[in-house]
Amino acid sequence: MNKENILQILKDKISEKIKTFENLIAETRASSNDTKSSMGDKYETGREMLQQEINNIQRQLNETLNQQNFVKKLNTEVCTKVQNGALVKTDKGFFYISVSSGEIVFEGKKIMTISSESPLAKAMFGKKIAETFIINNVNQVIEEIG
């Protein structure tokens with residue numbers, strides 16, 4: 001499997017997520033400006049709720065920007081052991097050690113993108129082909145590392 005293509009799909013997915021959050025913030029700010037009224041407390045409560053929503057979206061945007069920075073640092077060289085940037089095939093599936101961004105489908109195969117901080121990645125870290133690890137009482141064998 002071509003890791004460069006998988007990394008590009010992941011980068012595109014993260015960029016799309018960033019655009020979505022930026023648009024949500026802009027739309028929420030615009031609706032905040034539209035709620036001007038002389039209703040006193042109700043107006044202030046509504047503005048505060050909108051501000052909390054903007055803060056929540058901004059937090060998610062910052063997390064996604066951090067993911068984007070992390071992904072930019074990944075290299076696509078073939079790995080000999082499980083580490084950041086490794087594409088790992090176990091007897092249970094494919095895992096890309098990068099950031100937690102859900103599933104990617106590439107060449108008809110489902111690849112789970114997982115954070116190096118996840119319990120699954122921690123259980124695999126440093127392992128080589130043919131080594132086993134246990135997560136949630138399930139034994140897995142590393143078949144390939146790319």
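Residues numbered from 1 in each chain as written. Predicted model: local features only at pLDDT ≥ 70, side-chain atom pairs only at ≥ 80, totals over all residues. Heavy atoms only, no water.

This part covers the overall build of the chain. Assigned secondary structure in the chain consists of three helices and six strands. Going from N to C terminus, the chain has its helices and strands arranged as α-α-β-β-β-β-α-β-β. At 21 Å, the chain has a C-alpha radius of gyration far larger than the 15 Å of a compact globule built from 146 residues. Principal-axis analysis of the C-alpha atoms places the extent of the chain at approximately 70 × 30 × 25 Å. Out of the 146 residues belonging to the chain, those deemed buried represent 34%. Sequence-distant contacts in the chain: of pairs separated by 6 or more residues, those separated by 24 or more amount to 57%. Only carbon and sulfur atoms are counted for the fraction: they give 47% of the accessible area of the chain, which is about 8900 Å². Charge centroids of the chain, computed over 20 positive and 19 negative side chains, lie 4 Å from each other. (Helix = DSSP H or I, 4+ residues; strand = E, 2+ residues; numbered from the N terminus. Rg over C-alpha atoms; globule rule 2.2 N^0.38 Å. Buried < 20%, exposed > 50% of the residue type's maximum accessible area, 1.4 Å probe, protein only. Contact = heavy atoms within 4.5 Å. Areas by Shrake-Rupley, 256 points an atom, 1.4 Å probe, with all protein chains shown as cover. Lys, Arg positive; Asp, Glu negative; His and termini not counted. Charge placed at Lys NZ, Arg CZ, Asp CG, Glu CD.)

In this structure, Ile6, Leu10, Ile14, Val71, Tyr96 and Ile111 are the most contacted members of the largest nonpolar core, which totals 19 residues. For this core, the secondary-structure elements that each account for two or more residues are helix 1 (3-34), helix 2 (41-72), strand 2 (93-98) and strand 3 (102-106). No other element matches the seven residues that helix 1 contributes to this core. Contacts of Tyr96, omitting those with residues within four sequence positions, involve Lys3, Ile6, Leu7, Leu10, Leu74, Gly85, Ala86, Leu87, Ile111, Met112, Thr113 and Ile114. Counting 14 residues, the second largest nonpolar core, distinct from the first, contains Ala86, Phe95, Met124 and Phe133. (Core = buried A, V, L, I, M, F, W, Y, C linked by side-chain atoms within 4.5 Å.)

What follows is about the pattern of salt bridges. Using the criterion set out here, one finds five salt bridges in the structure. The partner of Asp91 in a salt bridge is Lys92, and the shortest N-O contact between them spans 3.4 Å. The structure contains a network of salt bridges with shared partners spanning Lys89, Glu143 and Glu144. (Salt bridge = Lys/Arg side-chain N within 4 Å of Asp/Glu carboxyl O.)

Phi at Glu107 is positive, roughly 50°, even though this residue is not glycine. Tracing the backbone shows Glu107 in the loop between strand 3 and strand 4 (109-115). Of note in the backbone geometry, Asn136 takes a positive phi value of approximately 55° without being a glycine. Relative to the helices and strands, Asn136 is located in the loop between strand 5 (132-135) and strand 6 (138-145).

Our focus in this paragraph is the sheet that holds strand 3. Reading across from one edge, 3-4-2-1-6-5 is the order of the six strands in this open sheet, with mixed pairing throughout. The open sheet has two free edges, formed respectively by strand 3 and strand 5, since each of these has just one partner strand. Adjacent strand axes in the sheet meet at a mean angle of 40° when their direction is disregarded. Pairing of strand 1 (residues 87-90) with strand 6 involves three bridges; the strand directions are antiparallel. The residue bridging Lys89 from the neighbouring strand is Glu144, located in strand 6. (Pairing = 2+ DSSP bridges. Axes fitted to C-alpha atoms, helices over the stretch in contact; angles between N-to-C directions.)

Glancing now at the side chain of Thr28. Considering the arrangement of structural elements, one finds Thr28 in helix 1. Of the polar contacts made by the side chain of Thr28, one reaches the backbone oxygen of Leu24; its length is 2.7 Å. Setting aside residues no more than four positions away along its own chain, Thr28 makes contact with Leu50, Glu53, Ile54 and Ile57. (Polar contact = N/O pair within 3.5 Å; in protein donor to acceptor, adjacent residues only side chain to side chain.)

Counting through the fold element by element, Ala86 comes out in the loop between helix 2 and strand 1. With 58 residues separating them along the chain, Ala86 and Glu144 place their C-alpha atoms 9.9 Å apart. If we skip the residues at most four places from it in the chain, Ala86 touches Lys3, Cys79, Lys81, Phe95, Tyr96, Ile97, Ile145 and Gly146.

Moving on: the pairing of strand 5. Covered by surrounding structure in strand 5 are Phe133 and Ile135 only, the residues Thr132 and Ile134 on the alternate face being uncovered. Pairing geometry for strand 5 and strand 6, over four bridges, is antiparallel. Residue pairing for strand 6: Ile134 is matched across the bridge by Asn139.

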